[in-house]
Amino acid sequence: MAMEIVENPEVAESTLETLWRIRRFEEAVEDLYGRGMMHGTMHLSIGQEAVPAGATLALRQDDAITSTHRGHGHAIAKGADLTRMMAELLAKESGYARGHGGSMHIADTKTGNLGANGIVAGGVPIATGAALSAQMRGTDQVAVCYHGDGAMGEGAWHEGVVLAVMWQLPVVYLCENNLYGMSMSSKQAFRLEQLSDRAKGYGMPGVDVDGNDVQAVYDAVDEAVTRARTGGGPSFIVANTYRWRGHSKSDKNLYRTREEIDEWRTKDPIGRFEDEALKAGALDQERIDGVHDRVRSALRDAVVEATKGADASADDLLDAVYAEADR
């Protein structure tokens, strides 16, 4: 039976900490980028924190996830180290990919994160493969594939789902529908009453949920994970949410209105969760303030420690490309 998150003080507090760790991390990297300390680009998920926070509560550490170009929240919720993540974005040797991958290529196999991916729908066949591996090895591990609404138009999405349904693999496809694939509205791209209707054509269960509601996300993922873990095959979940920032740092936001953005900001998933936890009596303001202070301190320490690291070197760029041949 699924748990009620805000009725358990310990779970409510740890969930709130996850939500704020994601939000504060992304605010920190946005600030560093604005000050010229971080190069390249990044895709922020501010406003979408409830999806990874809720989904991860339904997973074990040995369950796998695949992520996306907008993947900071997925990594943090699954247990990634903030300092190593920050170091990666700052192109430091101490980063997860030794400073070579940057924002879109963070992986942490120790926590089951098989990696973010700069290719739209690139994580779909990887998650399908991870689920096939679990099935062939006879474990009860599950793979969760995070992807955006734009991924549903890619051939890799279709191919991965077809195989998963055919072989009844233990995988959950979790679409973070933030209403836009870059600047294309999902309502224009897909002629569906709700995006989860797409599941019907593949022969798997599908459901739309409020992606700004931690409990709703958890309930849907927990049901799908339990089904997958017990041999029931794949599921498709669409978590409807919204990104407060543009697609990337180069996005001028010309395709949506200020009124639309402001309206969605009133649906802040973190403020909503705090209000629910207070109302349920799981947390009081003192414990909430304590979470704020801990997270603020953790992010400050992560930035300080990460900036101390040695810069990544181009001398070893090929180390992860070719394996040494036996002589």
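Within each chain, residues carry numbers counting from 1 in the order of the written sequence. Per-residue local features are limited, in this predicted model, to residues with pLDDT of at least 70; the limit for side-chain atom pairs, both in listing and counting, is 80 or more; totals at the level of whole chains, interfaces and linings are taken over all residues. Each side-chain value is derived from all of the structure's non-hydrogen atoms; neither hydrogens nor water enter the calculation.

What to know about the pairing of strand E3 (residues 171-177)
A regular strand carries its side chains on alternate faces of the sheet. Of all the seven residues making up E3, seven are buried; the element is thus mostly covered by neighbouring parts of the structure. Exposure is judged per residue with a 1.4 Å probe applied to protein chains only, and the accessible area is read against the type maximum: over 50% gives exposed, under 20% gives buried, and values in between give partly exposed. In DSSP terms, a helix is any run of H or I states spanning at least four residues, a strand is any run of E spanning at least two, and both are numbered starting from the N terminus. Alternating residues of E3 divide into Val171, Tyr173, Cys175 and Asn177 and Val172, Leu174 and Glu176, and every residue in both groups is buried. The sheet contact formed by strand E2 (residues 143-148) and E3 spans six bridges and is parallel. Note that in E3 the partner of Cys145 across the bridge is Tyr173. With its strands directed away from the observer, a crossover is right-handed exactly when the path from the first strand over the helix to the second travels clockwise. Handedness of the crossover is the feature at issue here: the chain leaves E2, passes through helix H6 (residues 155-167), returns alongside E3, and the resulting connection is right-handed. DSSP bridges decide pairing: two strands pair if at least two such bridges lie between them. Sheet topology note: the E3/strand E7 (residues 235-240) ladder contains six bridges and is parallel. If you follow Glu176 over to E7, its bridge partner there is Ala239.

Considering the UniProt feature "domain: Dehydrogenase E1 component" (unreviewed entry) in the protein
UniProt positions are given in the numbering used here, feature names are shortened, and annotations may be inferred rather than shown by experiment. Per the UniProt record, "domain: Dehydrogenase E1 component" (unreviewed entry) is found at residues 20-308. End-to-end, the C-alpha atoms of residues 20-308 are 24 Å apart, and along that stretch the chain is 44% helix and 11% strand.

So, the side chain of Asn212
As for its position among the elements, Asn212 is in the loop between strand E6 (206-210) and helix H8 (214-229). Here Thr241 takes part through its side chain, which lies 2.7 Å from a polar atom of the side chain of Asn212. Working rule for contacts: check all heavy atoms of both residues, and any pair within 4.5 Å makes them a contact. For Asn212, the contacting residues outside a window of four places in its chain are Gly47, Ala50, Asn240, Thr241, Tyr242, Trp264, Lys267, Pro269 and Arg272. Pairs of N or O atoms are called polar contacts if they sit within 3.5 Å, as long as, within protein, a hydrogen donor faces a hydrogen acceptor (for residues adjacent in sequence, only side-chain-to-side-chain pairs).

Some thoughts on the pairing of E6
The pairing of E6 with E7 spans five bridges and is classified as parallel. Bridge pairing in E7 links Val209 to Ala239. Taken together, E6, H8 and E7 constitute a β-α-β crossover, and its handedness is right-handed.

Quick look at unusual backbone geometry
Phi angles above zero are rare outside glycine, and Met182 is one such case at about 55 degrees. Structurally, Met182 is set in the loop between strand E4 (180-181) and strand E5 (184-185). Its identity as a non-glycine residue notwithstanding, Asn253 has a phi of 60 degrees, on the positive side. Tracing the backbone through its elements, the reader meets Asn253 in the loop between E7 and helix H9 (258-265). Taking the relative accessible area as the measure of exposure, Asn253 reaches 22% and is therefore partly exposed.

Things to note about the packing of helix H5 (residues 123-137) against H6
One way to put it is that H5 packs onto H6 with a least axis distance of 8 Å and a crossing angle of 20 degrees. Taken together, H5 and H6 sit at an angle that is classed as roughly parallel. As for the relative orientation of H5 and H6, their crossing is left-handed in sense. Judged by residue contacts, Val124, Pro125, Thr128, Leu132 and Gln135 of H5 engage Ala156, Trp157, Gly160, Leu163, Ala164 and Trp167 from H6. Whenever a helix is involved, its axis is fitted only over the stretch in contact; in every case the axis is a line through C-alpha atoms, and angles between N-to-C directions fall within 0 to 180 degrees. Geometric relationships in this document are graded by angle, where less than 35 degrees denotes roughly parallel, more than 145 denotes roughly antiparallel, 65 to 115 denotes roughly perpendicular, and other angles denote oblique. Crossings are assigned a handedness: left-handed for a near helix turned anticlockwise from the far helix by less than a right angle, right-handed for a clockwise turn.

A few points about the environment of Gly203
Structurally, Gly203 is set in the loop between helix H7 (186-189) and E6. Taking the relative accessible area as the measure of exposure, Gly203 reaches 58% and is therefore exposed. Residues Gly203 and Gly153, 50 residues apart in the sequence, show an inter-C-alpha distance of 18 Å.

A short note on the nonpolar core
Residues Leu16, Phe25, Met86 and Leu174 are the most contacted members of the largest nonpolar core, which totals 66 residues. Of the residues forming this core, the biggest block, 10 residues, is contributed by helix H1 (residues 9-34). When neighbours within four sequence positions are excluded, Leu16 is seen to be in contact with Ile270, Phe273, Glu274, Leu283, Ile288 and Val291. For our purposes a nonpolar core is just a set of buried Ala, Val, Leu, Ile, Met, Phe, Trp, Tyr and Cys residues, chained together by side-chain atoms within 4.5 Å. If you look at the next biggest cluster of nonpolar residues, it comprises 25 residues, including Trp157, Val161, Val165 and Val171.

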